[in-house]
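Survey of secondary and tertiary structure
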Amino acid sequence: MARGWLVTGSDISESDKLESLREGGALVDVGHREDNVLEKEGADCLPDAIVVSSAVSADNVEVRCALRYNIPLYKRGAWLGRVTSGHDLVSVAGTHGKTTTTAMVAEVLGSLCPEAEGGVTAIVGGDVASWEDGGAVVGEGQTFVLEADEYDRTFLGLRSRHAIVTNVELDHLDVYESEEEILQAFEEFLENVSQSGAVVMCGDDLGCRALLERREIGPEGGEEGAGPSVQTYGYGGGNDWRATDVRVEGGGVTSFKVERRGEVILEQCRLPLLGRHNVLNALGAIALAAAVGPGGRSDRECAEEAAQVLASFRGVERRCQVLGRKGSRVVVSDYAHHPTEVQATLEAVSEHYAEADLVVVFEPHTLSRLAYFFKEFAEVLQQCPRVFLTKVHEPVKTYISAKVKNAIAEDLEGEIGRDTATYIPGDEDLIAEVARAAQRGGGETVVLVLGAGRSHALAHGILEAL
């Protein structure tokens, strides 16, 4: 829309995002029907193309209409490949942490790139607090920063100049049947990075290390110097970039030193976010900035400017987001829906609110993920003194009965332990019971709401009920 295109569309339900799109000039409706394609009020022609998400099935009425009238159809990944073609694409991939890292990279490169280049364009999978349009910024320069999603192998349609891989772990069990399959997908993604570009990977992560071993690549590129240069980051001593001396400060700030191959090049980076996982996200952004930043600047200079930008980074919605406080009760909303993410978020909140009582609300996201990681979810949630479980959220239309989903949620309740865990399928009942539990203690209580579906709305409801 910022570049003059008329955008139309539809979704299955009303949302703040749809209203925001309308305010920006998009013609969007609730519900899928042929008229959205053929007779959209305000559009005097058929669409030039229709882009569908992975959640839209082949029998969708608008998809069938497009096929009948020979309107080009694109899955999201193929469309992003077209949109980013001709740009210097910086792709940020990884099972966890890519949304926050993408936003950090976009803001850092936006500062490092000269004004003459017209600014950075970026798309992320969440609403960035400091961006007017939430999940996107539009610049006139060549640099395009994109969150590269592995779901449905979407990222394989991208041709990147540079890339970050935050981590690689089995997820999306409806797409990948094994760790080998997801490693192969990330390997193919890296094969599409420019030979003259740069790849930055978390060297602490087992999946990233497996990719490095497969590709036999290092700081000078692949075999016989071919391929992009590669640098690693993390806490471990073998990384090119290291975060050391990590400290939790007041006001939700985490600080750390930055080392480059054993030399301290930044005495302190102050990050206004919770968690050591966000330290890694920031370190990846710093490493990428130094690898691709404007010529003539040293690693130290790039790191210093990146740290200045990150010091004012306001975060992304639903990523350890403090929704509000009522008296001594705090509500935090987070997108965690994989056992590794739940563990990282629990550690972050526990570290920053060390003296507070903790009440956790967990929304299982897809039956396939819950079933596969059932043991891992139970083990991580057993660390919590009080847990409430919601019904299983399915973002894609399925024919799984409510009885089956209720049964596995009840099984999780039993596996965690019914003395600490309670499954409540009804939203209103859940909100009321969580609010009562949070108000029982005499000191500070943190209500941490985890999930990637309706959980954010539940978090707002809990805050209102306190």
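These lines cover the structure that appears in this document, whether it is placed above or below. All residue numbers refer to positions counted from 1 along the written sequence of the respective chain. Given that the model is predicted, a residue must reach a pLDDT of at least 70 before its local features are reported, and side-chain atom pairs must reach 80 or more before they are shown or counted; all residues, however, enter totals for whole chains, interfaces and linings. Computation of side-chain values covers all heavy atoms of the structure but excludes hydrogens and water.

Now for the nonpolar core. As used here, the term nonpolar core means buried Ala, Val, Leu, Ile, Met, Phe, Trp, Tyr and Cys residues forming a set that is joined through side-chain atoms within 4.5 Å. When accessible area is computed with a 1.4 Å probe and restricted to protein chains, residues below 20% of their type maximum are described as buried, those above 50% as exposed, and intermediate ones as partly exposed. Residues Leu109, Phe155 and Leu381 are the most contacted members of the largest nonpolar core, which totals 113 residues. The secondary structure listing takes helices from DSSP runs of H or I that are at least 4 residues long and strands from runs of E that are at least 2 residues long, numbered from the N terminus. Counting residues per element, this core draws most heavily on helix α8 (residues 276–292), at 10 residues. One finds Val331, Phe388, Leu430 and Ile462 within the second-largest nonpolar core, a separate group that totals 19 residues.

Another aspect to go through is the packing of aromatic side chains. Each pair of aromatic rings taken from Phe, Tyr and Trp, with Trp reduced to its six-membered ring, is defined by centres within 6.5 Å and is described as stacked if the planes are under 30 degrees apart, edge-to-face if over 60, and tilted in the remaining cases. Evaluated as defined, the whole model comprises 5 aromatic pairs. Note on Phe362 and Phe377: the rings are 5.1 Å apart at their centroids and 40° apart in plane angle, and the pair reads as tilted. Taken together, the residues span a long stretch of sequence, with Phe362 in strand β17 (residues 357–362) and Phe377 in helix α12 (residues 374–381) at a distance of 15 residues. Phe377 carries the same exposure label as Phe362, and that label is buried. Judged by centre distance (5.0 Å) and plane angle (80°), the rings of Tyr372 and Phe373 are edge-to-face. For Tyr372, a relative accessible area of 46% corresponds to the partly exposed category.

Only residues whose relative accessible area exceeds 30% and that form no salt bridge enter a patch; like-charged residues are grouped when within 9 Å of one another, and nonpolar side chains (Val, Leu, Ile, Met, Phe, Trp, Tyr) when within 5 Å. Throughout, the Shrake-Rupley method with a 1.4 Å probe supplies accessible areas, and for residues the shown protein chains are the sole cover considered. Here, a salt bridge means any side-chain nitrogen of Lys or Arg that lies within 4 Å of a carboxyl oxygen of Asp or Glu. Working convention for charge: Lys and Arg count positive, Asp and Glu count negative, and His plus the chain ends are omitted. Charge coordinates come from a single atom per side chain, which is NZ of Lys, CZ of Arg, CG of Asp or CD of Glu. A cluster of acidic side chains, namely Glu376, Glu379, Glu410, Asp411 and Glu415, defines a negative patch on the protein surface. Of all the secondary structure elements, the ones that give two or more residues to the negative patch are α12 and α13 (402–416). The element that contributes the greatest number of residues to the negative patch is α13, accounting for 3 residues. Structurally, Asp411 is set in helix α13. Since its relative accessible area comes to 48%, Asp411 is described here as partly exposed.

Let us now look at the sheet that holds β17. One requirement defines pairing of two strands: DSSP has to find at least two bridges between them. Read from one edge to the other, the open sheet built from 6 strands follows the order β15-β16-β20-β17-β18-β19, with strand pairing classed as mixed. Among the strands making up the open sheet, the edge pair consists of β15 (321–326) and β19 (421–423). Strand-to-strand twist in this sheet, taken as the mean axis angle between neighbours without regard to direction, amounts to 15°. Judged from the 6 bridges that link them, strand β16 (residues 329–334) and strand β20 (residues 445–450) form a sheet pairing that is parallel. What sits directly across from Val332, in β20, is Leu448. The criterion used for residue contact is that any of the two residues' heavy atoms lie within 4.5 Å. Lines are fitted to the C-alpha atoms to define the axes, a helix being fitted only along its stretch in contact, and any angle between axes, read from their N-to-C directions, falls within 0 to 180 degrees. Sheet contacts for α13: β17, β18 (387–389) and β19; angle to β19, the most-contacted strand, approximately 170°. Running over the sheet, helix α15 (residues 455–465) touches β15, β16, β17 and β20 and is turned about 15° from β15.

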